[in-house]
Amino acid sequence: MWCWRLAWLLRGPCRQRGSSGRRWPWPRRDTGTALAAPTRGHHTAPGSLPCAWQLHGDHLELRYGPTLMRLDFVWLRDHCRSASCYNAKTNQRSLDTASVDLAIRPQAVRVDETTLFLTWPDGHVTRYGLEWLVKNSYEGQKKQVMHPRILWNAEIYRQAQVPSVDCRSFLETDEGLKEFLQNFLLYGIAFVENVAPTKEDTEILAERISIIRETIYGRMWYFTSDFSRGDTAYTKLALDRHTDTTYFQEPCGIQVFHCLKHEGTGGRTLLVDGFHAAEQVLRRAPEHFELLTRVPLKHEYVENVGGCHNHMIGVGPVLNVYPWNNELYLIRYNNYDRAVINTVPYDVVRRWYHAHRALTTELRRPENELWVKLKPGKALFVDNWRVLHGREAFTGYRQLCGCYLTRDDVLNTARLLGLQA
């Protein structure tokens, strides 16, 4: 981005209309409105980025530095930040959006080195900082990353030598909590060491960053291999990589694991960065990636054991992206709980199987598998929207406890500590 800005500065300033020198070469457009001549303007102040603008039938076209923005007049009126339209103390809109004339057009437009000024037919003046517009326009958002991350395979993660955070530092200091959250946001997993191996202490740990989410499994779940819930997870068998609660309309955001006791062999935890695998699919076969973001699937959980009767259904694509920048924010992958595929027609099904196979191939590459032996005192936090987990088969008696956390609360905690989340 800075290289583009430098290139613009080296091209020389745009001069006021009517003066000599280079003018911005605006393309001719058929706006659907008969205008004698589109209104144009140029401005460059010493030390500022080049700026030029042109009025069209229903929008303002504004070039600021390397960014070309198309801003609808209704949008420009609706987002006014004046005192009568926006409450800066509460950060809430005061203007009634439904009261804005959908055919509104500014009577006057002016730009100085930092600000766009628009005068509306009723005399109201709207002011926008040019940097604010770059950041908040559609064109600006397409270049932004909502959640900065480091994608990893096993070797990348090991070489990063991401430190665990000591339990006391995590619980008692903002520095320890911030370090933990930074690791979690970047990698989707984070560890806390020296935790007392009890369910009560694990609960205290979880509540440091979030409200614990109540589910059909209770507040804090307690696991032994007794098949008490009629679920493969409650056996000693190996579990393939998956994300949890895909059968929820909103899958749980964060999962906490703490091994309290294991008297036996095996049982290592498998972790795979689903976003890294999806990125490889996007690079190698973008048509598969695109299909996995569009095809809705049902996942379901059916339970009829003892007094527990549940039938939960969640619907969504395997890959969920922000549509304006194609940034992945959630992977819903669980072959155990996927229901009958009956949400897409015949001619899409086979293509979906090819796409699913491409993603599964990436998820199962040995180099993408991070194996961790959970021991008493070491708690693991997993981003269930990103990182898949599984386990190898085990012998003996094994106790785990854990819970699900509300994603909004974890992200809120991170933002209060100054992190981008």
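Note: the structure precedes this text.
Please read all numbers here as calculations on a predicted model, not as lab measurements. (Residues numbered from 1 in each chain as written. Predicted model: local features only at pLDDT ≥ 70, side-chain atom pairs only at ≥ 80, totals over all residues. Heavy atoms only, no water.)

## Observations regarding the packing of helix α7 (residues 174-187) against helix α12 (residues 407-416)
Inclusion rule: Axis definition: a line fitted to C-alpha atoms, limited for helices to the stretch in contact. Angles are taken between N-to-C directions and run from 0 to 180 degrees. Numbering of helices and strands starts at the N terminus; helices are DSSP runs of H or I of at least 4 residues and strands are runs of E of at least 2. Working definition: roughly parallel below 35 degrees, roughly antiparallel above 145 degrees, roughly perpendicular at 65 to 115 degrees, and oblique for all remaining angles. By convention the crossing between two helices is left-handed if the near helix lies anticlockwise of the far one by an angle smaller than a right angle, and right-handed if it lies clockwise. Residues are treated as being in contact if the distance between any of their heavy atoms lies within 4.5 Å. For this scheme, ten residues count as nonpolar: Ala, Val, Leu, Ile, Met, Phe, Trp, Tyr, Cys and Pro. Four count as charged, namely Asp, Glu, Lys and Arg, and the remainder, Gly too, count as polar.
Two elements in contact, α7 and α12, have axes separated by 10 Å at closest approach and are oriented at 120°. Overall, the two elements α7 and α12 adopt an arrangement that is oblique. Between α7 and α12 lies a crossing whose hand is left-handed. Of α12, the residues touching α7 (which contributes Leu 177, Leu 181, Phe 184 and Leu 185) are Val 410, Leu 411, Thr 413 and Ala 414. Of the residues in the contact of α7 with α12, the class split is 7 nonpolar, 1 polar and no charged.

## What about the sheet that holds strand β9 (residues 125-129)?
Note the following rule: Two strands are counted as paired when DSSP detects at least two bridges linking them.
Across the sheet, 3 strands lie side by side as β7-β8-β9; this open sheet has antiparallel pairing. Of all strands in the sheet, those bounded by a partner on one side alone are β7 (108-111) and β9. In this sheet, adjacent strand axes meet at a mean angle of 15° when their direction is disregarded. Pairing analysis gives 4 bridges linking β7 to strand β8 (residues 115-119), with the strands arranged antiparallel. Bridge assignment links Val 111 to a residue of β8, and that residue is Leu 116.

## Thoughts on the nonpolar core
Condition: Residues enter a nonpolar core if they are buried and are Ala, Val, Leu, Ile, Met, Phe, Trp, Tyr or Cys, with the set joined through side-chain atoms within 4.5 Å. Classification of residues uses two cut-offs on accessible area relative to the type maximum, computed with a 1.4 Å probe and protein chains only: under 20% is buried, over 50% is exposed, and between them is partly exposed.
Within the largest apolar cluster, 28 residues are counted, with the highest numbers of intra-cluster contacts made by Phe 170, Phe 180, Leu 181, Ile 209, Phe 381 and Leu 405. Those elements giving two or more residues to this core turn out to be α6 (167-172), α7, β11 (189-193), α8 (199-207), β15 (254-263), β22 (379-383), β24 (397-405) and α12. Looking at which element gives the most residues to this core, the answer is α7, with 5 residues. Among residues more than four places away in sequence, those in contact with Ile 209 are Phe 170, Leu 177, Phe 180, Leu 181, Phe 381, Leu 405, Asp 409, Val 410 and Thr 413. Listed in part, the 26 residues of the second largest apolar core include Leu 49, Leu 60, Val 109 and Leu 118.

## Section: the packing of aromatic side chains
This is how it is decided: Centres within 6.5 Å make a pair out of two Phe, Tyr or Trp rings, where for Trp the six-membered ring is used; the pair is then stacked when the planes are under 30 degrees apart, edge-to-face when over 60, and tilted otherwise. Cation placement over rings: the criterion is NZ of Lys or CZ of Arg within 6 Å of the ring centroid and within 35° of the ring normal.
Tallied over the entire structure, the rule returns 17 aromatic pairs. When the centroid spacing of 4.9 Å and the interplanar angle of 75° are considered together, the rings of Phe 180 and Phe 381 count as edge-to-face. With a gap of 201 residues between them, Phe 180 in helix α7 and Phe 381 in strand β22 connect regions that are remote in the sequence. Exposure class is identical for Phe 180 and Phe 381. Each is buried. Where Tyr 247 meets Phe 248, the ring centres are 5.4 Å apart and the plane angle is 75°; that geometry is what we call edge-to-face. The exposure classification of Tyr 247 matches that of Phe 248, with both residues buried. One aromatic cluster is present, built from ring pairs that chain together Phe 170, Phe 180, Phe 184 and Phe 381. If you follow Arg 398 out to its NZ or CZ, it ends over the ring of Phe 394, 5.0 Å from the centre.

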